[in-house]
Amino acid sequence: METSNFKNTATFTHLSTLSQYFIPFGNYIFPIIIWTTNKEKSEFVNHHGKQTLNFQLSLLLYSLVLALVAIPIFFTLIFRNLPISAVIEDEAFIFNNFNNFNFSDNIGLLSIGVLALFLFCLLKIVEFYLVIYASIKASNGEWYKYPMTINFLK
């Protein structure tokens, strides 16, 4: 049975990831600080600290993959529809060969980009709820492992 001090420490390790909404990279900084200062004192805190950091690193990797899909697609759609040439006449730009954006020609790429953006938003919502759920589990003294987490720290 874990002491309430270790339960609270494990709970705050999970909850400290929510600092990302106020402090950039707070979801990495604060869990690392809490985990490294307490990992030698309790195996329970060590487990929850590793789980927290593995989950945050996994989310970073998933977000980067989604960004690598969505960003080039959106840039391709934007630059494909830019005018081919521009001429300066009387201190004004005149665009030649300007084509309007046609959804039917770009629906495939647009769908993939919007899907990646939707998955990113869904990932952030799921992250929030899983952090709260893991915090409740830790406060109850239960061992918890985040789903779909890559074990970077073993």
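In what follows, the accompanying structure is described. (Residues numbered from 1 in each chain as written. Predicted model: local features only at pLDDT ≥ 70, side-chain atom pairs only at ≥ 80, totals over all residues. Heavy atoms only, no water.)

### Let's talk about the overall build of the chain
Going by this rule: Strands are runs of DSSP state E lasting at least two residues, helices are runs of H or I lasting at least four, and both sets are numbered from the N terminus onward. Under the scheme applied here, a residue whose accessible area is under 20% of the maximum for its type counts as buried, over 50% as exposed, and between as partly exposed, the area being computed with a 1.4 Å probe on protein chains only. Contacts were defined at the residue level, with two residues in contact if any of their heavy atoms lie within 4.5 Å. We get accessible surface area from the Shrake-Rupley algorithm with a probe of 1.4 Å; when it comes to residues, only the shown protein chains can shield them.
Along the backbone of the chain there are four helices and two strands. Going from the N terminus to the C terminus, the chain shows its helices and strands as α-α-α-β-β-α. Across the 154 residues that make up the chain, the buried fraction comes to 36%. Pairs at least 24 apart in sequence give 68% of the contacts found in the chain among residues at least 6 apart. As displayed, the chain has an accessible area near 9,800 Å², and 70% of this comes from carbon and sulfur atoms.

### Here's the deal with the pattern of salt bridges
To keep it simple, the criterion reads: In what follows, salt bridge is the name for a side-chain nitrogen of Lys or Arg lying within 4 Å of a carboxyl oxygen of Asp or Glu.
Applying the stated rule across the entire model yields two salt bridges. In this structure, the salt-bridge partner of Glu 127 is Lys 124, at a minimum N-O distance of 2.9 Å. Of the two residues, Glu 127 and Lys 124 are both situated in helix H4 (residues 103–139); the distance of three residues between them amounts to about one turn of the helix. By relative accessible area, which is 27% here, Lys 124 ends up partly exposed. With its nearest N and O atoms 2.9 Å apart, the salt bridge here joins Glu 142 to Lys 137. We classify Glu 142 as partly exposed; its relative accessible area is 34%.

### Looking at helix H2 (residues 26–38)
Counted only if it meets this: What a helix should span is 1.5 Å times the count of its residues minus one.
In a regular helix each residue adds 1.5 Å, so 13 residues correspond to 18 Å; H2 covers 18 Å between its end C-alpha atoms and thus fits that length. Taken residue by residue, H2 has Gly 26, Asn 27, Tyr 28, Pro 31, Trp 35 and Asn 38 as its buried positions.

### Here we look at the packing of aromatic side chains
Selection rule: Planes of paired rings set the category: under 30 degrees apart is stacked, over 60 is edge-to-face and the rest tilted, where pairs are Phe, Tyr or Trp rings (Trp by its six-membered ring) whose centres lie within 6.5 Å. In this scheme, Lys NZ or Arg CZ marks a charge over a ring once it lies within 6 Å of the ring centre and within 35 degrees of the ring normal.
Applying the stated criterion to the full structure yields five aromatic pairs. Ring geometry for Tyr 133 against Tyr 144: centres 5.4 Å apart, planes inclined by 75 degrees, an arrangement best described as edge-to-face. Of the two residues, Tyr 133 is situated in helix H4 and Tyr 144 in the segment after H4; the sequence distance between them amounts to 11 residues. Here the aromatic rings of Tyr 144 and Tyr 146 are separated by 5.3 Å at their centres, their planes lie at 80 degrees, and the arrangement is edge-to-face. Summarising the burial analysis for this pair, Tyr 144 and Tyr 146 share the class buried. Site record: aromatic cluster; members linked through ring pairs are Phe 55, Tyr 133, Tyr 144 and Tyr 146. Over the ring of Trp 35 we find Lys 39; its NZ or CZ atom is 4.6 Å from the centre of that ring.

### Looking at the environment of Ala 67
Summarising the element assignment, Ala 67 is placed in helix H3 (residues 43–80). Classification of Ala 67 by relative accessible area gives partly exposed; the value is 27%.

### Thoughts on the nonpolar core
Proteins that are soluble and globular tend to have nonpolar side chains buried together. Test applied: In these notes, a set of buried Ala, Val, Leu, Ile, Met, Phe, Trp, Tyr and Cys residues joined through side-chain atoms within 4.5 Å is what counts as a nonpolar core.
One finds Leu 18, Phe 55, Leu 59, Leu 123, Leu 130, Val 131, Ala 134, Tyr 144 and Tyr 146 forming the largest nonpolar core, which totals nine residues. At the level of elements, H3 and H4 are the ones that each hand at least two residues to this core. Looking at this core, the element that brings in the most residues is H4, giving four residues. If sequence neighbours within four positions are ignored, Val 131 has contacts with His 14, Leu 15, Thr 17, Leu 18, Phe 55, Gln 56 and Tyr 146.

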